[in-house]
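Listed below are the residues making up each chain.
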Amino acid sequence: MALQLTINGISIGAIYALIAVGFAVVFNIMRFSNFAHGGMISACAFISFFFQRAFDPPPPFFVTVLFSAVCGMGIALLIDTLGYRRIRLKNSPKIYYFLMSLTFAILIEQILTVFFGTDIYGFPSVFKSQTFEIGSMIFKTMNIVILAVSVVILVALVWMINKTKIGLAIRAVAINADTSRLMGINSSVIVTVIFIIAGVLAGVSGVFLGVQYGVFPSVGPSMMLKGFIASIIGGLGSLSGAIFAALALGLIEMFLTFFIGATEATVILFGIMLAFLFIRPQGIMGIIVEDKA
Amino acid sequence: MTEQILKTHNLSKAFGGVCAVKDFNMEINAGRIRGIIGPNGAGKTTIFNLLSRIYKEDEGTIEFAGQDVTSKSQIEVARMGLSRTFQNTRLFVGLNVLDNVKVALDHDGKYSLFSALFKLPFRNKQERMIKEKAMSCLELLNLDEFAKLSPSNLSYGYQRRVEIARALANDPKVLMLDEPAAGLNPEETSMLMDFIKDIQAKYPNLAILVIEHRMELIMNLCDHIYVQDSGLTIAEGTPAEIQSNPKVLAAYLGEEE
Amino acid sequence: MSAYQTGLIVQISITIMTVVAVFAMTGLAGMFSLGQAAYMAVGAYVTFVLSRFLDIPYPITGIISILISILLSWIIAVPTLKLRRDYFALITVGFSQMILALVLLFEDFTRGSIGFSKIPRMDNLLLVSLVGLALIIFWIRNLKYSRFGRMCIALKNDEIAARSFGIDVYHLKIKIYVLASAIASFAGILMALRNRVITPDSFGWAQSAEMQIFLFFGGTNSLTGAILSAGGLKLLPEFVRDVTLFGVSMQEYRTIIYAILIIIVINFRPQGILGEKEINFKWLKNLYRRFKQSILKKNESYD
Amino acid sequence: MNILDITGLRVWYDKIEAIHCVDLKFEEGKITAIIGSNGAGKTTIINAISGMVKRDGQLFYKGKLLTDKSHKVVREGIIQVPEGRRVFAGLTTEENLLLGAYSLENRKEISGLLQQQYALFPRLEERKKQDAGTLSGGEQQMLAIARGLMAKPQVLMLDEPSLGLAPIITNDVFNKITTIREQGITVILVEQNAKKSLSICDHAYVIENGHVVMEGSGDELLHNEKVAHAYLSTTVDEIE
Amino acid sequence: QGEPAEVAEEVEEVAEEVGEEAEEVAEEVAEEVEEVVEEEVEDLEPIVIGSIQDLSGPASIPGQANAWGAEYAVQVINENGGINGRMLEIITLDCKNDLNEGINAYRKLVDEHEVTAIIGPPLSNPASGWVELSEEDQVPIVGHFMDEVCTTDPDTGEAYPYMFLAEPSCSSQSFAIAKFAMEELGLTKFATLYNTGNAFAVAHAKPFMEYVVDNGGEVVGEETFTWADTDYSAQALKIVQAAPEAVFLSDYVNQAALAYDFLRDAGYEGVILGANTLALPFPDLVKNEVYDLYYLQNYDMLNPEAGGYELFTTHMEDVGTDYPKSNAGFGWDAVQVLVAAMRKAEDPTNGPELRDLLEQTDGVELAERTITIDPATHRPSNMGMYIADYDENMQIRILTYIEP
Ligand SMILES: Nc1ncnc2c1ncn2[C@@H]1O[C@H](COP(=O)(O)OP(=O)(O)OP(=O)(O)O)[C@@H](O)[C@H]1O
Ligand SMILES: Nc1ncnc2c1ncn2[C@@H]1O[C@H](COP(=O)(O)OP(=O)(O)OP(=O)(O)O)[C@@H](O)[C@H]1O
Ligand SMILES: [Mg+2]
Ligand SMILES: [Mg+2]
């Protein structure tokens, strides 16, 4: 039983991880919690659902994923233009990004609700069999795919941010956009790149969540809080920390729910979180830098 | 009268492999001005950070006003009367110049949260006193005309002055200045020098510790100088001794023109 | 005044109260909390559940509930306020989820998701909430212009520098957070009295986020801005209720209109409607003075 | 020949005019110093050239109108070493240097430049893996200058490069500035240390309250009674 | 000859006389008519009722269908002459499934529009805020908030005087499916899986378990989750371990579909029972095969023989959806109950009188069946539920009708 629970925990953790990474990219670089991410996921879920349904026979799954990623990119650009660009130009404090993202989260969810209602739309299943068994263990096919995808995305992102020139530019802009301009970096473009990455991740998550949980306006937001928690517990400034924290969160939640109960788990999870931050305030992967006066 | 106010014994601090301060011994008496000089990265600012308890030392002790303060926090030593300025100006941009100075007096403002919330007469009286004190401090530095301005609208030189005014407001026992003349032109530097002398005259019991790279200032003001290099004290003595010390010339001053 | 209008006024005073408390916490001291609605829940539930099951009049249990909120916020603040700012937001989100989970867990007392109803009627609720609101605004205004307000702004700007002036950043933050939470729980009690029923849905993190949005909309550094925006934005959906555009009723689009309005303001006036400014009545005084002078002058010319 | 020709430059902060219709010329391959007291507007002029503040007026670079997009100005070869260091805290020393070479493509060239800077400032090589935010003030200043040089500038604008440097290093930096000139790089030098900067520059402007109040060769100004009084706090006799 | 002139004179005289009389008559008639007309004009002023529905927010799909049903009912009633000649006017306001909004909407209807009565929303959250208010203002509320707590005091069991339910309540629905499972399917071991944060789900699951225990069955598992959860696999595993014969799902369709999939994925192969939320489009939402699924239905919606057929098809055409919504029927039904009472009333705008008449509701014709309200609980006493499943083409198939 413990083994099956572990498998299930890792599966849900993989979904948290996918969201946490999308969240952490923006958080680690722009230093604000992008609450609009959840809304973007929902929007992409809807778009890919209607895309899938527009063709008969439906296009192959990866085409839908690709299409959704492109749409995520478009939505991210749109939000950036309408919401974040001016904040950036005016050099306003980070907190305004956060606020803007909260507002966009509300807006997207409302628009989806008004136009599509709160009923859910079912994505046709992608795989012939939902689950496969190894021994007595049951695996969910989709979860394995999601886990693989999030690991691949993570590795690609970590590589890009730490090893490439554009990654270096991204980090520089995050620290000080003005000084970056003096290095010849077009800081506006770089920030847009960050949002595009987040948008692509939202697009991919949108399809996966849609397939997994159905398509409805709050499908993204309902998962986002967990991604938020994971990305922060994982350690500020660390993408890999986010993925570990997401997996840990999934596992702990699974075991707590099984042995104690779902409602109680929320309470205990909060206690664990508090204790964890108390013991390790820098998060799983973060490092503490002493402030210099 | 020459009471020892601040004293360190074998103070050391390393960052990773870098030894920023090693076995630093220093003492300063009330009413005196001492300087710390040394090449960049010698550990001067680190000494200030250790003294003001922003950093925790690896080894050694600090004695301040007759007490061992090694285990005390930044806040506690600040309240005991150890005041400082920063190498990069750190004014509170959300407050105007006057309020910046008031803040230095606020921690031991006598009125409670309760009387603040209800705006009791006692609070008003205290506020008036705080304001008077802050204003007199600004007047001393000829800053009174800027009282209502936001510090970000002041040029760098004036910002430095506001910092000093703020550090002085609370009648400290020790004032530590980290490169006060950085960014000032020679004219202003000499004004600053006069001004520090004024302070000394006005607060006869104040001990001042200065870090500076501007030799005219250090040599003019200080009666005793420590020279740091790579964490170690390579020389100490009066300005005249230091100026002619070959080690100091080689490591720090270079050939004087 | 119809009961509809007084009900709205009570609701708006409750909102303003919470936003003013958030102003002290976020605007002055720079703590970004997404859990203030949870303290409203604590205030509402503890007051009326205790009152019913122990048969104590609710003004007394109300005080107990505020004390419990103070205790809770203190417990939350002590470990978290030592950490970086981002963690604080996270912990408060977690806290609000935990409180709602507790409401569901103690279903026998709280009636869980169905809601705790039959809250007694309070006849002078309007008066109580207006007086409460006035008092709270008076407090927070005084706070802003006291040494505590200055210290808060200092620590929001630069914690290290604040510390080096002997400002006990940590304990100051705790004090302000506790104060804000106590106010929130008082507002929660009033809200229960207005609605006559308490359901867990009214206290999610979305409600807390709304308070922050109101605050920033008006201007983080402006108390009057916070008050005006809280009042205005809360009323907006009620006004839009009756509006029809191109033959379409705006009822369904209320939230969308509201969100777009906020986006416009953050875009074009990022410092909030009022920014740093406070509205005061100096101009009125000046006007009066000028008026008096002109009369005096006239009188003189008659002489 | 003038590499940079500025006429009628004006800059506003909100509604306050900080620079009032200033004309400046910078000769190719020479050091031009700008001196003036605190708040005179020196930094503002530099920022106006880099496109970091909104400006009015005509700026000709190599005979062509200069763009006002700061990242494009950098690609033209006009590099600013900003006042107050402004290194990227959170990135290592080496990463900071690499950022300086952001507009260059050739990897070999970049690593060559890196070695050059390390040779110029050996202290930086010792600290290359350290978080730049924790460098000492002077180390940060060295890093800022080295970072500027990484971009292979044609015009290098140094804003108070000696700020917070030890005397020995200050001397060093001024020596290096003359070396930089010898490489054919045009230098615009903003300094509080007027004496030093006047003694190495070819031409100098004195700025007061956003106006040019005086200009001339370094020597001329150094021997000007007014300048000596206002900026050197000495008299001409003492200099001699 | 002179004759014609005489005749003419005579005629004139007669005409004058007639004219006078005619004038008198005409005046009299006119007066009478005026009186009558005056009376009628007074009568023609419409009766205003309110309708508070979830036009937006999380429950907007059922809410909008409800609103449609109520408005359509009013339209039909007016077309057929209104209430004893008086027209009915309905004002619909949004409550976003939010308590505060619900109270504002209520206050606006009562204080500003001075409505006589209110048709309530499908969910209980906003409605629970009106329990005391309606009594204070004497405004009867007829709704479809199926939780018992909206109509009766949970502590004393007494009915709230002004709250009326026009549909079977949550518990009577749960009893119906429990009865079906135990009597028709012969099952005894049950489990539940529901969202403790959802009042609707809780109000179903608790009575279901009570019924099972009271009738000699056994509840082997009670698993829960909250709004914050999206993964129920741990709960599903526990249920599989407990090995019940049937699991009852009582959430909204989103969560119910997820729960169904998690159960099947975990290897559960037994019977699954569901609330009325498991109607279409449920089969489209689940990924596993749908089998051994029985759920509740209020109406036999797609049966042309059944009374509500026309209503439901009109609704589907009108709003352009493929799925019939029982909520359209709820809105309709509530108006029927209210109107029946108004027809009997001396003054159909008098709250207390309406209240008394509503309590005596007996055999009022609804979309499909008739309703009789129990004065002790203010809930219908005669309404049962259909049990349905899905056929091979995933079409709703009504299996049986369970009497209350
Ligand atoms: N928080 C820290 N982490 C790592 N290294 C540090 C930290 N703070 C200081 N250092 C290192 O310790 C050494 C001493 O630094 P410090 O700031 O004390 O120098 P300084 O004497 O003030 O120099 P300057 O005159 O240039 O300001 C430097 O090499 C610096 O890089
Ligand atoms: N961001 C700003 N907003 C408003 N005013 C500013 C701003 N930056 C500079 N100023 C004002 O513009 C004027 C010129 O400033 P600038 O920084 O160019 O002076 P500077 O000559 O570089 O002085 P310093 O030697 O102190 O660096 C000053 O009066 C200053 O107060
Ligand atoms: Mg230093
Ligand atoms: Mg400058």
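Residues numbered from 1 in each chain as written. Chains lettered and ligands numbered in written order. Predicted model: local features only at pLDDT ≥ 70, side-chain atom pairs only at ≥ 80, totals over all residues. Heavy atoms only, no water.

*Asks:* So what about the interface of chain C and chain A? Which residues, and what values?
*Replies:* On the chain A side, the residues contacting the 41 residues of chain C number 42 residues. Taken together, chain C and chain A are joined by 0 salt bridges. Taken together, chain C and chain A are joined by 0 residue pairs in polar contact (both at pLDDT 80 or more). Residue assignment for the side of chain C that touches chain A shows that the elements contributing at least two residues are helix 3 (58-80), helix 4 (85-105), helix 10 (205-218) and helix 12 (254-268) of chain C. By residue number, the principal contributor to the side of chain C that touches chain A is helix 4 of chain C, which donates 13 residues. Looking at the side of chain C that touches chain A residue by residue, the classes come out as 29 nonpolar, 8 polar and 4 charged. (Contact = heavy atoms within 4.5 Å. Salt bridge = Lys/Arg side-chain N within 4 Å of Asp/Glu carboxyl O. Polar contact = N/O pair within 3.5 Å; in protein donor to acceptor, adjacent residues only side chain to side chain. Helix = DSSP H or I, 4+ residues; strand = E, 2+ residues; numbered from the N terminus. Nonpolar A, V, L, I, M, F, W, Y, C, P; charged D, E, K, R; others polar.)

*Asks:* Give a description of the side chain of Ser185 of chain C that names residues and reports values.
*Replies:* Relative to the helices and strands, Ser185 of chain C is located in helix 9 (residues 169-195). When sequence neighbours within four positions are dropped, the list of residues in contact with Ser185 of chain C reads Tyr39, Met40, Gly43, Ser65, Ile66 and Ser69 of chain C.

*Asks:* Please give an account of the packing of aromatic side chains that cites residues and values.
*Replies:* For any pair of aromatic rings, the description rests on two quantities: the centre-to-centre distance and the angle between the ring planes. Within this structure, the stated rule accounts for 41 aromatic pairs over all chains. Measuring from centroid to centroid gives 5.2 Å for Phe49 of chain A and Phe50 of chain A, while their planes differ by 75 degrees, and the two rings are edge-to-face. By relative accessible area, Phe49 of chain A is classed as buried at 4%. If you follow Lys165 of chain A out to its NZ or CZ, it ends over the ring of Tyr102 of chain D, 5.2 Å from the centre. Over the ring of Phe121 of chain D we find Lys176 of chain D, and its NZ or CZ is 4.7 Å from the ring centre. (Phe/Tyr/Trp six-rings, centres within 6.5 Å; stacked < 30°, edge-to-face > 60°. Buried < 20%, exposed > 50% of the residue type's maximum accessible area, 1.4 Å probe, protein only. Lys NZ or Arg CZ within 6 Å of the ring centre and 35° of its normal.)

*Asks:* Mind laying out the sheet that holds strand 3 (residues 31-35) of chain D, listing which residues take part and the relevant values?
*Replies:* Residues and elements named next belong to chain D. Ordered by their spatial adjacency, 6 strands build an open sheet running 6-7-8-3-9-10, and the pairing between neighbours is mixed. Strands at the two margins of the open sheet, each flanked by one partner only, are strand 6 (78-81) and strand 10 (211-216). This sheet shows a mean twist of 15 degrees between the axes of neighbouring strands, independent of strand direction. Taken together, the 4 bridges between strand 3 and strand 8 (residues 186-190) define a ladder with parallel strand orientation. Bridge pairing in strand 8 links Ile34 to Val190. Packed on one face of the sheet, helix 6 (residues 137-149) meets strand 6 and strand 7 (155-159) and runs near 175 degrees to strand 6. (Pairing = 2+ DSSP bridges. Axes fitted to C-alpha atoms, helices over the stretch in contact; angles between N-to-C directions.)

*Asks:* I'd love a proper account of the pairing of strand 1 (residues 4-15) of chain B, names of residues and values included.
*Replies:* All names here are of chain B. Two strands pair when backbone bridges link them, and strand 1 and strand 2 (residues 18-29) are joined in this way by 8 bridges, in the antiparallel orientation. Looking across to strand 2, one finds that Lys7 is bridged to Glu27. Once strand 1 ends, the chain turns through 2 residues before running back antiparallel as strand 2, passing Gly16 with a positive phi of about 55 degrees. When strand 1 meets strand 4 (residues 59-64), the two strands line up antiparallel, connected through 5 bridges. Considered in strand 4, the bridge of His9 is made with Thr61.

*Asks:* Could you give an account of the nonpolar core, with specific residues and numbers?
*Replies:* Phe35 of chain A, Leu6 of chain B, Phe203 of chain C together with Phe282 of chain E are the most contacted members of the largest nonpolar core, which has 379 residues in total. Setting aside residues up to four positions removed in sequence, Phe203 of chain C forms contacts with Ala37, Ala38, Met40, Ala41, Ala44, Tyr45, Leu100, Met191 and Ile198 of chain C. Core analysis: the next-biggest nonpolar cluster, separate from the first, contains 53 residues, Ile91, Ala176, Ala178 and Tyr194 of chain E among them. (Core = buried A, V, L, I, M, F, W, Y, C linked by side-chain atoms within 4.5 Å.)

*Asks:* Lay out the domain arrangement of chain B in plain terms, naming residues and giving numbers.
*Replies:* Residue and element names in this part refer to chain B. Looking at the assigned domains, one finds that chain B contains domain 1 (4-94 + 156-253) and domain 2 (95-149). Between the C-alpha centres of domain 1 and domain 2 the distance comes to 27 Å. In this complex, domain 1 contributes 18 residues to the contact, which on the side of domain 2 involves 18 residues. A buried area of about 1,600 Å², summed over both sides, lies between domain 1 and domain 2, and 68% of it is on carbon and sulfur atoms. On the domain 1 side of the contact with domain 2, Phe92, Ala169 and Asn170 bury the most area, a combined 30% of that side's loss. Taken together, domain 1 and domain 2 are joined by 1 salt bridge. A salt bridge links Lys133 to Asp171; the nearest nitrogen and oxygen atoms lie 3.6 Å apart. (Domains from an automatic or database assignment. Buried area = accessible area lost by both parts, 1.4 Å probe.)

*Asks:* Describe the interface of chain C and chain E, and please don't skip the residues or the numbers.
*Replies:* Many structure descriptions define interface size as the accessible area lost when the parts assemble. Of the residues lining the interface, 33 residues belong to chain C; the matching set on chain E comes to 37 residues. Roughly 3,100 Å² of surface becomes buried between chain C and chain E when both sides are summed, with 46% attributable to carbon and sulfur atoms. Where chain C meets chain E, there are 3 salt bridges. The tally of links between chain C and chain E comes to 7 residue pairs in polar contact (both at pLDDT 80 or more). Mapped by element, the contributors of at least two residues to the side of chain C that touches chain E are helix 1 (3-28), helix 4, helix 9, helix 11 (223-240) and helix 12 of chain C. Sorting elements by how many residues they give to the side of chain C that touches chain E places helix 1 of chain C first, with 5 residues. Among the residues making up the side of chain C that touches chain E, the classes are represented as 9 nonpolar, 11 polar and 13 charged.

*Asks:* Talk me through the site of ligand 1; I want residue IDs and the actual numbers.
*Replies:* If you check the shell around ligand 1, you find 23 residues, and the closest are Lys44, Thr45 and Thr46 of chain B together with Arg127 and Gly138 of chain D. Near ligand 1, the surrounding residues belong to chains A, B and D. For ligand 1, an oxygen atom lies 2.5 Å from a polar atom in the side chain of Thr45 of chain B. In this structure, an oxygen atom belonging to ligand 1 sits 2.8 Å away from a side-chain N or O atom of Gln130 of chain D. (Near = heavy atom within 4 Å.)

*Asks:* Outline the site of ligand 2, supporting the account with residue identities and numerical values.
*Replies:* The environment of ligand 2 is made up of 15 residues, and the closest members are Asn38, Gly39, Thr43, Thr44 and Glu83 of chain D. Nearby residues around ligand 2 are contributed by chains B and D. Contact between ligand 2 and Lys42 of chain D: an oxygen atom at 2.8 Å from a main-chain N or O atom of the residue. Between an oxygen atom of ligand 2 and a side-chain N or O atom of Thr43 of chain D, the distance comes to 2.5 Å. In terms of residue count, the dominant contributor to the shell around ligand 2 is helix 1 (residues 42-50) of chain D (3 residues).

*Asks:* Lay out unusual backbone geometry in plain terms, naming residues and giving numbers.
*Replies:* Even without being glycine, Asn10 of chain B reaches a positive phi, approximately 50 degrees. Summarising the element assignment, Asn10 of chain B is placed in strand 1. Not every positive phi belongs to a glycine, and Glu160 of chain D is a case in point at roughly 50 degrees. On the secondary structure map, Glu160 of chain D appears in the loop between strand 7 and helix 7 (167-182). Of the residues examined, Glu160 of chain D reaches a relative accessible area of 6% and is grouped as buried.

*Asks:* Quick rundown of the pattern of salt bridges? Include the residues and the values.
*Replies:* All names here are of chain D. In the structure shown here, the tally under the stated rule is 41 salt bridges over all chains. A salt bridge links Glu126 to Arg123, with the nearest nitrogen and oxygen atoms 3.7 Å apart. With Glu126 and Arg123 both in helix 5 (residues 122-126) and 3 residues apart, the pair spans about one turn of that helix. For Glu126, a relative accessible area of 58% puts it in the exposed group. Of the charged contacts in the structure, one is a salt bridge between Lys176 and Asp172, with a shortest N-O distance of 2.9 Å.

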